[in-house]
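Below, each chain spelled out in residue letters.
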Amino acid sequence: MKNNEAFFSNTDVSNMYLVKSSPRSFYQMMMYYSKTIYMCWHFLPDAIREGKRQYERAFGITSEDIFKDLYRSEEETVSFMHHMESIWHICGKDVLAAFDLSSFKEICDIGGCSGGLAKHFLSLYPSSSVTIMDLPEVVQMAKKHFITDGDIVFLEDFFNDPLPESDLYILARIIHDWTEDKCLRLLNKIYKSCRPGGGVLLVEALLNEDRSGPLSSQMFSLNMLLQTEGKERSASEYHKLLADSGFREIQVKATGKFYDAVLGKK
Ligand SMILES: C[S@@+](CC[C@H](N)C(=O)[O-])C[C@H]1O[C@@H](n2cnc3c(N)ncnc32)[C@H](O)[C@@H]1O
């Protein structure tokens, strides 16, 4: 207080995580939570009763394809992409350094969105190259708003297009969007395209085997119910999905942050 007037200022933590211009800002994530995710959480009891996502109740949209709903406008698409990218400024390096990935030279980031994790990959492993596959509307927005250098190549639609031959496929927060059948369809496709000696890296928020936590993974799993066809899974569930698709030498690393890493080799 000065001369009976109150003055307020940000703490160091709010400067770091809330101010929009900070490189570690959660501003975009907060906006997506408040404008989109929060609207779905109004219908949590309906989601639990029906076992399905709530876009129809929240936004009046009933498309078959979950990402058609998510990308219902250019503004919503870009907001989702910012939301996806934000977390990698905090824990992207942890998931990519969980295993030594330096021997993999050609990387394909399946559903790589804005390229947020790919940029961290290139800074940790500069002698590798990364190709990103994502839907056409995302690729268009990534080129317009997110990618400034030419190191990243974009391809479209991982379910229907052929996958490029690669040494390592990254699937960050992809498996958690889909049913078992669709996950296996995608992982089988990846196995066929993967070079011998290559691998697949799953980046997901692992649940404890008895589903007792961590709280963040449980909350993400409820959110998957509200927004997608998927759920969060335990290490043994990811192990089984990879083994059933042909991968071996499967290793799991819990990072202690929000997201963890599972590596399988061909
Ligand atoms: C939950 S986001 C994860 C984004 C990114 N991997 C990350 O962790 O920040 C899922 C991504 O998969 C993409 N996607 C969904 N269906 C796809 C398809 N059929 N082909 C290519 N990408 C797809 C979405 O557009 C989105 O970018």
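All chains use their own residue numbering, which begins from 1 and follows the written sequence. Two thresholds apply to this predicted model, a pLDDT of at least 70 for residue-level local features and 80 or more for giving and counting side-chain atom pairs, whereas whole-chain, interface and lining totals are computed over all residues. Each side-chain value is derived from all of the structure's non-hydrogen atoms; neither hydrogens nor water enter the calculation.

- The name an unreviewed UniProt entry gives the chain is Acetylserotonin O-methyltransferase, with Xenopus tropicalis as the organism.
- Per UniProt, the chain has the following entry under Function (unreviewed entry): "Catalyzes the transfer of a methyl group onto N-acetylserotonin, producing melatonin (N-acetyl-5-methoxytryptamine)." UniProt positions are given in the numbering used here, feature names are shortened, and annotations may be inferred rather than shown by experiment.

1. Some words on the pattern of salt bridges
Right, on to step 1. Between Lys or Arg on one side and Asp or Glu on the other, a salt bridge is scored when a side-chain nitrogen of the former is within 4 Å of a carboxyl oxygen of the latter. Evaluation of the coordinates by the stated rule reveals 18 salt bridges.
Right, on to step 2. Its salt-bridge partner being Glu85, residue Lys119 comes within 3.3 Å of it at the nearest N-O pair. Here the residue Lys119 occupies a position in helix α7 (residues 116-124), and Glu85 occupies one in helix α6 (residues 74-96), the gap between them amounting to 34 residues.
Right, on to step 3. Among the charged side chains, a salt-bridge network with shared partners connects Asp46, Arg49, Glu50 and Arg57. Each helix is a run of H or I in the DSSP string that is no shorter than four residues. Each strand is a run of E no shorter than two, and both are numbered from the N terminus.

2. Some remarks on the environment of Leu101
Right, on to step 1. Residue position: Leu101 is located in the loop between α6 and β1 (106-110).
Right, on to step 2. With 149 residues separating them along the chain, Leu101 and Ile250 place their C-alpha atoms 14 Å apart.
Right, on to step 3. A contact between two residues is defined here by any heavy atoms of the two lying within 4.5 Å. Sequence-distant contacts of Leu101, defined by excluding residues within four places in its chain, comprise Leu96, Phe121, Tyr125, Leu168, Leu201 and Leu263.

3. A word on the side chain of Asn223
Right, on to step 1. By the element assignment, Asn223 lies in helix α10 (residues 215-227).
Right, on to step 2. Overall, the relative accessible area of 8% leaves Asn223 in the buried class.
Right, on to step 3. Those residues within four positions of Asn223 in sequence are excluded, and the remaining contacts are Ile37, Trp41 and Thr228. Burial classification: accessible surface area is computed with a 1.4 Å probe over protein chains only, and a residue below 20% of its type maximum counts as buried, one above 50% as exposed, and the rest as partly exposed.

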